[in-house]
Amino acid sequence: MPGSTSQAAGTPGQPLAARQAALVAALVADAPAPPGFAPEPLAAARTALLRKRAGEVARHWPLLAAGLGPEWPTVFARWADGRPSAGSLRDGWDFARDLRDERTLPPLGAEELAAREAGHRYDGRGTPRPRRLPAWGRAGGAVAVQLAGRVRLLRPARR
């Protein structure tokens, strides 16, 4: 159909890609609702996407999620709201580091973060890379060490 893409939902004459980008920004980056979209259903979809993202991060960070218990989806969604995803592993890592810095990281999450820090190098921007040399990680009183590719928890987190 000629012209069908220019007549899709949104402002006529605006390129489809621009309208799609505006919708995605409203759903995941805290941008205003694009023309033609009711704010309430858009907010419900945004909440559902944040909960889905929390579930994906929990698969990569099960101890962190377990440490926060039933508050996990709410606490993670509050942190993630307005932040574009960097991928589940990196989102969890950044979230755990922020909780550590705020001194609200639960003991199970501290142990998981310490083990990740010992086993991988992550600068907060790029992809985490396995460490080759002996290394250690520390968070919330937990200490983990990596030797010959194996990570061991030396000291559990303070309870």
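Higher on the page you've got the structure.
Read on for a plain summary of the structure.

What counts and what doesn't
- Residues numbered from 1 in each chain as written.
- Predicted model: local features only at pLDDT ≥ 70, side-chain atom pairs only at ≥ 80, totals over all residues.
- Heavy atoms only, no water.
- Helix = DSSP H or I, 4+ residues; strand = E, 2+ residues; numbered from the N terminus.
- Rg over C-alpha atoms; globule rule 2.2 N^0.38 Å.
- Buried < 20%, exposed > 50% of the residue type's maximum accessible area, 1.4 Å probe, protein only.
- Contact = heavy atoms within 4.5 Å.
- Areas by Shrake-Rupley, 256 points an atom, 1.4 Å probe, with all protein chains shown as cover.
- Lys, Arg positive; Asp, Glu negative; His and termini not counted.
- Charge placed at Lys NZ, Arg CZ, Asp CG, Glu CD.
- Axes fitted to C-alpha atoms, helices over the stretch in contact; angles between N-to-C directions.
- Left-handed = near helix turned anticlockwise from the far one by under 90°.
- Nonpolar A, V, L, I, M, F, W, Y, C, P; charged D, E, K, R; others polar.
- Polar contact = N/O pair within 3.5 Å; in protein donor to acceptor, adjacent residues only side chain to side chain.

### Topic: the overall build of the protein chain
Helix and strand counts for the protein chain come out as six helices and five strands. Counting helices and strands in the order they occur from the N terminus, the protein chain gives α-α-α-α-α-α-β-β-β-β-β. On C-alpha atoms alone, the protein chain measures out to a radius of gyration of 20 Å, which is more than a quarter above the 15 Å that the 2.2 N^0.38 rule sets for 159 residues. Its C-alpha atoms put the protein chain at 65 × 35 × 20 Å along the principal axes. Across the 159 residues of the protein chain, 33% fall into the buried class. Intrachain contacts of the protein chain at a sequence separation of at least 6 include 46% that bridge at least 24 residues. Counting every atom, the protein chain has about 9,600 Å² of accessible surface; 58% of that belongs to carbon and sulfur. For the protein chain, the distance from the average site of its 24 positive side-chain charges to the average site of its 14 negative ones is 8 Å.

### With respect to the packing of helix α5 (residues 88-101) against helix α6 (residues 107-119)
Across the interface, α5 lies against α6 with an axial gap of 10 Å and an inter-helix angle of 120°. Crossing of α5 over α6 shows left-handed handedness. Counting all contacts with α5, which are made through Leu89, Trp93, Ala96, Arg97 and Arg100, the residues of α6 involved are Leu113, Arg116 and Glu117. Of the residues assigned to the contact of α5 with α6, the class counts are four nonpolar, no polar and four charged.

### Details of the side chain of glutamate 117
In this structure, glutamate 117 sits in helix α6. Assessed through its relative accessible area of 11%, glutamate 117 is described here as buried. Among the polar contacts listed, one links the side chain of glutamate 117 to the side chain of arginine 97, at a separation of 2.8 Å. For glutamate 117, the contacting residues outside a window of four places in its chain are Trp93, Arg97, Arg100, Arg131, Trp136 and Gly137.

Honestly, it's all geometry; don't read function into it.
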